Amino acid sequence: MQQRQLSLDADEASLKRGKKRGSYNCGRCGLPKKGHSCNVTVDPTNPAPPSSRSRQTQLDYYQPSPSGHHHHLRRALSFDDDDDVVVDHVEPVSDDEESETCGPLTWTCLVEVLRRAGPKSLLSAAQVCRGWRDCARRMWRSTEELSLRVPPRSRLGSVGSLLQKCSGLLRLTLRIESDLDATLLACIAFSCPNLEALDIRTAENAVNWISGDELSRFVAEKKCLSTLKVEGCTNLGFLNICSSSLSTLWLSGLHSISRTAINCPKLKELSLEFSGQENDSTDLVTMVDSFERTCPRLRNMHIASVRLSHDAALSLAQANLRDLRMLSLVLGTGITDASVASITSTYTNLELLDLSGSSISDSGIGMICNVFPQTLSRLSLAHCPNITSSGIQFATAQLPHLQLIDCGMTISDPSVEDLTAEQQTCSTESNYDERVNKAKHHPMYQKLIIKHGRLRKLSLWGCSGLDALCLNCPELNELNLNSCTNLHPARLLLQCPTLENVYAVGCGDVLIEAIHNQIFNDFVSETDHFPRKRLADGSKRVFVPCFPSQQPSDDGKGRRAWQSRCNIRVN
Amino acid sequence: MSESTEKKMVRLRSSDGEVFEVEESVAKVAKTLQDMLEEDCADAVIPITCVRAPILTKVIDYCKDQVMISSSSSTTNNPNERTEQERKAWGQKFMEGVDSSTLCELLVASNFLNIEGLLNLGVDKMVSMIQGKYPQEIRDMFNVVNDFTPEEEEEIRNQNAWAFERDPYYKKRSSSK
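If you're wondering where the values come from, they're calculated on a predicted model, not measured in any experiment.

Of the regular secondary structure elements, chain A holds 19 helices and 25 strands. Restricting to contacts in chain A with at least 6 residues of sequence separation, those with at least 24 account for 63%. When the accessible surface of chain A is totalled, it reaches about 25500 Å², and 49% of it is carbon and sulfur.

Per the UniProt annotation, the sites labelled "domain: F-box" (unreviewed entry) are residues 110–142 of chain A. Secondary structure across residues 110–142 of chain A divides into 85% helix and 0% strand, with the first and last C-alpha atoms of the span separated by 15 Å.

It is worth spelling out the pairing of strand β19 (residues 466–472) of chain A at this point. Residue and element names in this part refer to chain A. For β19, the tally of buried residues reaches 7 of 7 residues, placing the bulk of the element in the interior. By the bridge criterion, 6 bridges tie strand β17 (residues 446–451) to β19 in an arrangement that is parallel. By the bridge assignment for β19, Ile450 is matched with Leu471. Note: β19 against strand β21 (residues 492–495), 4 bridges, orientation parallel. Counted as the bridge partner of Asn472 is Gln495 from β21.

Summed over the entire model, instances satisfying the criterion amount to 3 aromatic pairs over all chains. Plain terms: the ring middles of B:Tyr62 and B:Trp90 are 6.0 Å apart, the flat faces sit at 50° to each other, and that makes the pair tilted. Linking B:Tyr62 in helix α4 (residues 53–75) with B:Trp90 in helix α5 (residues 80–95), this pair joins segments that are 28 residues apart in sequence. Judged by its relative accessible area of 25%, B:Trp90 falls in the partly exposed class. Taken together, the ring pairs connect B:Tyr62, B:Trp90 and B:Phe94 into an aromatic cluster. The ring of A:Phe238 has A:Arg259 sitting right over it, with the charged end atom 4.5 Å from the ring centre.

With that settled, the discussion passes to the pattern of salt bridges. Residues and elements named next belong to chain A. The final tally for this structure, using the stated rule, is 18 salt bridges over all chains. A salt bridge links Glu177 to Arg149; the shortest N-O distance between them is 3.0 Å. Of the two residues, Glu177 sits in the loop between β5 (171–176) and α8 (182–191) while Arg149 sits in strand β4 (residues 145–150), which places them 28 residues apart along the sequence. In terms of burial, Glu177 and Arg149 fall into one category: buried.

In this section: the environment of A:Leu479. Examined against the element boundaries, A:Leu479 turns out to sit in strand β20 (residues 478–480). In this structure A:Leu479 touches A:Leu458, A:Leu471, A:Leu494, A:Leu499, A:Asn501, A:Val502 and A:Tyr503, once residues within four positions along its chain are discounted.

Turning our attention to the packing of helix α11 (residues 310–319) of chain A against helix α12 (residues 337–346) of chain A. All names here are of chain A. Orientation of α11 relative to α12, taken along the N-to-C sense of each, is 10°, at an axis distance of 8 Å. Considering their axes alone, α11 and α12 lie roughly parallel with respect to each other. Across the interface between the two elements, His310, Ala313, Leu314 and Ala317 from α11 touch Ala338, Ser339, Ser342, Ile343 and Thr346 from α12.

What counts, and at which threshold
- Residues numbered from 1 in each chain as written.
- Chains lettered and ligands numbered in written order.
- Predicted model: local features only at pLDDT ≥ 70, side-chain atom pairs only at ≥ 80, totals over all residues.
- Heavy atoms only, no water.
- Helix = DSSP H or I, 4+ residues; strand = E, 2+ residues; numbered from the N terminus.
- Contact = heavy atoms within 4.5 Å.
- Areas by Shrake-Rupley, 256 points an atom, 1.4 Å probe, with all protein chains shown as cover.
- UniProt positions renumbered as here; feature names shortened; annotations may be inferred.
- Buried < 20%, exposed > 50% of the residue type's maximum accessible area, 1.4 Å probe, protein only.
- Pairing = 2+ DSSP bridges.
- Phe/Tyr/Trp six-rings, centres within 6.5 Å; stacked < 30°, edge-to-face > 60°.
- Lys NZ or Arg CZ within 6 Å of the ring centre and 35° of its normal.
- Salt bridge = Lys/Arg side-chain N within 4 Å of Asp/Glu carboxyl O.
- Axes fitted to C-alpha atoms, helices over the stretch in contact; angles between N-to-C directions.
- Parallel < 35°, antiparallel > 145°, perpendicular 65-115°, else oblique.

Given below as structure tokens:
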């Protein structure tokens, strides 16, 4: 969920095209272009084959272009006439001299410029003159990946006219801020015959009117679609997804799905997020039960619904999906320790387990630790009010391969817990203030000591019941202490030399200062300070467990580099 | 002067007849010239027919800097990040104050001489200049003649109009930054 959020905030629209400089050879027959008139005709329905560009090619964008086009460079340095090099990575350009220069620029330069311009600039450039328009047109045609934000009030028909230009599109991401219906799907189906990945994101207030019938028809017709992600599926009514190519399916905003038929033998990743409304009537037990037959190769499964119950967990255990490695059953308060027991009895190779929002307790954590000591690398237990710091401590001690653990909103004051149920999705500023006030009246604090050799991310956001924290994690990269309002600055000990990001939103100034000191100053002279540490009131000394320093002592250089890398984010 | 005799010099003639004498290592930054030199055309003056003298001066400035960077980075062992940052800053400075017509000529020249780095700098600059501009503004900037018929222009404008609607969301985001 968090990851998706991040990508939403990314650049509103970015085009990814292949690189590859212009060629000095004829695009049709391959002979050197200089002084050459080509007689080979090209089938207009079959333009130049798209080179195998991928996300990775974006990375080496600025590296020198592949060798192979330098061979005839000398020919390009002709002194007798104004020889312009025609780029033909898209498709051969007519030999008209007119089309070879566009105002002050040569065609090659213009191609280079427009290739890196965003979609908006490209639309603008298309209106400059004919040469620019033709160049922009070729750009659209060779585009394989398009990410577009559709502003509110704009007609979806105009998006359709843009998509029609992109006949070679393989991956499409649309962020739609107006209402949408099946005409959009029809547009995409019509314009992009080879589409492999479709991602439709909707803004909060936009209504997605696509029905289950329309979605199933779209999927059935798109024979090469492998990834489908649609947000805001409130009006689907039922799910009937049958595809032999689909491997990733993400649907969110689902509501009251009457029946489900996800018949995708190649499906590896399934994410179903239901809208958090109480009156949801989806029968998750039957749905999960059917996966054994319809999606036998499921590897990653994510279901977020308040309707998740112990029975759903039982039927999942019975489904026995042999390839399942990542399991996420979120928001189900009905998921209990007994559910954990049945899941762990069937699935013994899980790498990721997310039971956020469930009712499991420390004994559930114990079962998890017993079954997955060798495989589990990511564990998320946010909003599980029944677990305590000793459960978390046990998990970190028993799961040596753990890289990420999220314990947000777990160790909180009893007074706060009733509040958290209501604000599971987000906590507003006012709620936060309330919590702080209440917390002051119920001092019931816990301490947390974690020593772990592989842990990279630790999240303790909203652990208002946390009083003392001691971390010895040489690999720890990211630490989230947002709203750890009662963490005592003097009872904080960070021995994490590779920390890059520390989040401390909503922490007291003294605590932030303590974090800062621990990271930037104390670390350098750690041997002087440990194992004893004076409390803030100066009255007594507490013994702080001393771990053998994992940091090589002569590592002054690395330490400096690390210091400059670490960010403490407080707002 | 004794040094210059040791180093091999190359002479380049711009389109308006001015002759520049540069070290071979500087000229070799341009891959087109490198290929030529390796094919033994070193004695003659190399005519660079499509590049005017002021542009060629700028190009040579760039090449000289590239040579300097590559020689200095081999002696001092800087971590890569730093040089990357410095290079970026230097590139911005180099492109600072370059007007649109010079930019176009620079692009053409760097493409012709096949200087990847300079081409990238120029393209980035031009992309940033185009960004957020209306077609007429782009035309004015780069002296492009509008050769559309009124009908064509109307049609293409209608097609693309939606992208140019002012949207408050985008405005708010960009202003808050």
